[in-house]
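Architecture and fold: a report
What follows is the residue order along each chain.
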There are 2 protein chains.
Amino acid sequence: MKKSLGAKPLAFPAPVYLVGTYDAQGQPNMMNAAWGGICCSEPPCVMVSAQHTRHTYAGILEHRAFSINLLGCEHAVAADYYGIASGRDLNKIEACGHHVSKGEFVHAPSLEEAYMVQECRLKTSIELGTHTMFVGEVLDVKIEVECLNKKGIPDVKKMDPLLFMPGAREYYGVGKFVGKAFAIGTSVKEKK
Amino acid sequence: MKKSLGAKPLAFPAPVYLVGTYDAQGQPNMMNAAWGGICCSEPPCVMVSAQHTRHTYAGILEHRAFSINLLGCEHAVAADYYGIASGRDLNKIEACGHHVSKGEFVHAPSLEEAYMVQECRLKTSIELGTHTMFVGEVLDVKIEVECLNKKGIPDVKKMDPLLFMPGAREYYGVGKFVGKAFAIGTSVKEKK
């Protein structure tokens, strides 16, 4: 039996995107965003939402660019910090003892401690209410070499991706392997 | 050291959203979508992307409504099937032995086997390339009562959410608890 929880932003799992930007003074910044996801295959696009009061909001519009940086579970404390403090007050990257490098394709910082970085050019944005959705075209994805398996495919165990559960407001890791996509579903018997 | 993988839709984790719609003939349908995510807190909004050739694409526009249905790992085979077969050819819900009920707030079917269902009214859509992004305003969230803990908060272990890893094209469950959000990050020492 189901029970109504009302109108809420609840869906599982949510990602932990660290959105990288340079502000007007050229200082790099990272913000933890759980409101985001991939939204197109070709051109590859990813969306992330931010409140207009956020330092990152101004940073994205300043250079019409951002990066999405993904951290493994070992960096959960820093990931959470990036969602609590503001880059308006201090350099959060320095506070975490983290390091950034310049983007190759866009003017946005890449977090060296991330297992994966997406360089995004702002494609469009939509005001939705408390949040503005920014859609970025992914111009390049960079991954730590050691996170690839022998076939050159991202290895879940090596990346150890961090994820977020809204409602419970908790971070988790990725767990048990359940099955291959576009494969296990073929066992469903279709009646003719 | 990082290596470029080129411009690809790669970010972890991706959700497994089953998008529920009624088609023009009134037949209910579900489609597996990994390109999606929460995109606004107030009003609560969720986005999901679909290719224009999809039966679901027409279904969303027909009634300007859809549901997001979340399945636990035990339903992974059915979840995958919903991404392989087309509702244009047959009733996928019947093929899975699943059941739907009518939405309470919008004209979209709710999957009874889902641990959680979001009822969404189409707010806007954007053509991005291969995919069209549909932004829905969440009018109600319903959850299986047994998936709530004593405090009325969604319990990760009881829901056992299914998630998708692009690139590897594999399904996984949620794993180890890592920490409380808006909490563990306060231990980062800020230099004054």
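Relevant structure appears above.
Here is a short report on the structure shown in this document. (Residues numbered from 1 in each chain as written. Chains lettered and ligands numbered in written order. Predicted model: local features only at pLDDT ≥ 70, side-chain atom pairs only at ≥ 80, totals over all residues. Heavy atoms only, no water.)

This brings us to the overall build of chain A. A tally of helices and strands in chain A yields 4 helices and 13 strands. Against the 2.2 N^0.38 benchmark of 16 Å for 192 residues, chain A shows a C-alpha radius of gyration of 18 Å, consistent with a compact globule. By its C-alpha atoms, chain A is 65 × 45 × 30 Å across when sized along the principal axes. Residues counted as buried form 62% of the 192 residues belonging to chain A. Within chain A, contacts between residues at least 6 apart in sequence are counted, and of these 59% link residues at least 24 apart. (Helix = DSSP H or I, 4+ residues; strand = E, 2+ residues; numbered from the N terminus. Rg over C-alpha atoms; globule rule 2.2 N^0.38 Å. Buried < 20%, exposed > 50% of the residue type's maximum accessible area, 1.4 Å probe, protein only. Contact = heavy atoms within 4.5 Å.)

The next thing to look at is the relation of the copies chain A and chain B. For the pair chain A and chain B, the best superposition has an RMSD of 0.0 Å and corresponds to a rotation of 180° with a translation of 0.0 Å parallel to the axis. Both copies are brought into coincidence by an operation consistent with a two-fold rotation axis. Across chain A, the rotation axis passes nearest the C-alpha of Gly175(A), at a separation of 1.7 Å. (Least-squares fit on C-alpha atoms with pLDDT ≥ 70 in both.)

All chains considered together, the criterion is met by 14 salt bridges over all chains. Here Lys142(A) ties to Glu119(A) by a salt bridge, and the two come within 2.9 Å at their closest N and O atoms. On the criterion of sequence distance, the pair formed by Lys142(A) in strand β11 (residues 131–144) and Glu119(A) in strand β10 (residues 116–127) is long-range, its members being 23 residues apart. A residue is classified by how much of its surface remains accessible, and Glu119(A), at 2% relative accessible area, is buried. In this structure, Glu104(B) and Lys142(B) form a salt bridge, with 2.9 Å as the shortest nitrogen-oxygen distance. (Salt bridge = Lys/Arg side-chain N within 4 Å of Asp/Glu carboxyl O.)

Secondary-structure assignment places His98(B) in the loop between α3 (92–95) and β8 (100–102). Here His98(B) is in contact with Leu71(B), His75(B), Ala78(B), Tyr82(B), Ile93(B), Leu111(B) and Glu113(B), once residues within four sequence places are set aside.

A few words now on the nonpolar core. Formed by 117 residues in total, the largest nonpolar core has its most connected members in Phe66(A), Ile68(A), Phe66(B) and Ile68(B). By residue number, the principal contributor to this core is helix α2 (residues 76–84) of chain A, which donates 5 residues. Counting 16 residues, the second largest nonpolar core, distinct from the first, contains Cys40(A), Ile126(A), Cys40(B) and Met133(B). (Core = buried A, V, L, I, M, F, W, Y, C linked by side-chain atoms within 4.5 Å.)

Here we come to the pairing of strand β13 (residues 170–180) of chain B. Examined bridge by bridge, strand β13 (residues 170–180) of chain A and β13(B) share 7 bridges and lie antiparallel to one another. By the bridge assignment for β13(B), Glu170(A) is matched with Lys180(B). Where strand β12 (residues 162–165) of chain B and β13(B) come together, 4 bridges link them in antiparallel fashion. The partner of Phe164(B) across the bridge, within β13(B), is Tyr171(B). Hairpin remark: β12(B) followed by β13(B), antiparallel, with 4 residues in the connecting loop; positive phi at Gly167(B), about 85°. (Pairing = 2+ DSSP bridges.)

Residues and elements named next belong to chain A. Of note, Asn149 is situated in the loop between β11 and α4 (156–159). On the basis of relative accessible area, Asn149 is assigned to the partly exposed category, the value being 26%. Residues within four places of Asn149 in sequence aside, it is in contact with Asp155 and Lys158. Only 2.8 Å separates the side chain of Asn149 from the backbone nitrogen of Lys151, close enough to count as a polar contact. (Polar contact = N/O pair within 3.5 Å; in protein donor to acceptor, adjacent residues only side chain to side chain.)

Bringing helix α1 (residues 55–63) of chain A into the picture now. An α-helix turns once every 3.6 residues. As a result, residues three or four positions apart point the same way. Among the residues of α1(A), those classed as buried are His55(A), Thr56(A), Tyr57(A), Gly59(A) and Ile60(A). Arg64(A) lies just past α1(A) and shows a positive phi near 45°.

Glancing now at the environment of Leu148(A). Within the secondary structure, Leu148(A) is located in the loop between β11 and α4. Sequence separation of Leu148(A) and Gly20(A) is 128 residues, and the distance between their C-alpha atoms is 23 Å. Residues contacting Leu148(A), with those up to four places away along its chain left out, are Ile143(A), Ile153(A), Pro154(A), Asp155(A), Lys158(A), Lys3(B) and Leu5(B).

Another aspect to go through is the interface of chain A and chain B. Contacts between the two partners involve 98 residues from chain A and, on the opposite side, 99 residues from chain B. A buried area of about 8600 Å², summed over both sides, lies between chain A and chain B, and 67% of it is on carbon and sulfur atoms. Three residues, Lys2(A), Phe12(A) and Ile38(A), lead the burial of chain A against chain B; their summed loss comes to 9% of the area buried on that side. Summed over the shared surface of chain A and chain B, the result is 6 salt bridges. Between Lys176(B) and Asp160(A) there is a salt bridge, with its nearest N and O atoms 3.0 Å apart. In this assembly, chain A and chain B are joined by 54 residue pairs in polar contact (both at pLDDT 80 or more). Ranked by the residues each element gives to the side of chain A that touches chain B, the list is headed by β13(A), at 11 residues. For the side of chain A that touches chain B, a count of residues per class yields 63 nonpolar, 18 polar and 17 charged. (Buried area = accessible area lost by both parts, 1.4 Å probe. Nonpolar A, V, L, I, M, F, W, Y, C, P; charged D, E, K, R; others polar.)

Residues in a regular strand point their side chains to alternate faces of the sheet. Residue and element names in this part refer to chain A. Residues Leu162 and Phe164 point to one face of strand β12 (residues 162–165) and Leu163 and Met165 to the other, with burial holding for every one of them. The pairing of strand β2 (residues 14–15) with β12 spans 2 bridges and is antiparallel. For Ala14, the partnering residue across the bridge sits in β12 and is Phe164.

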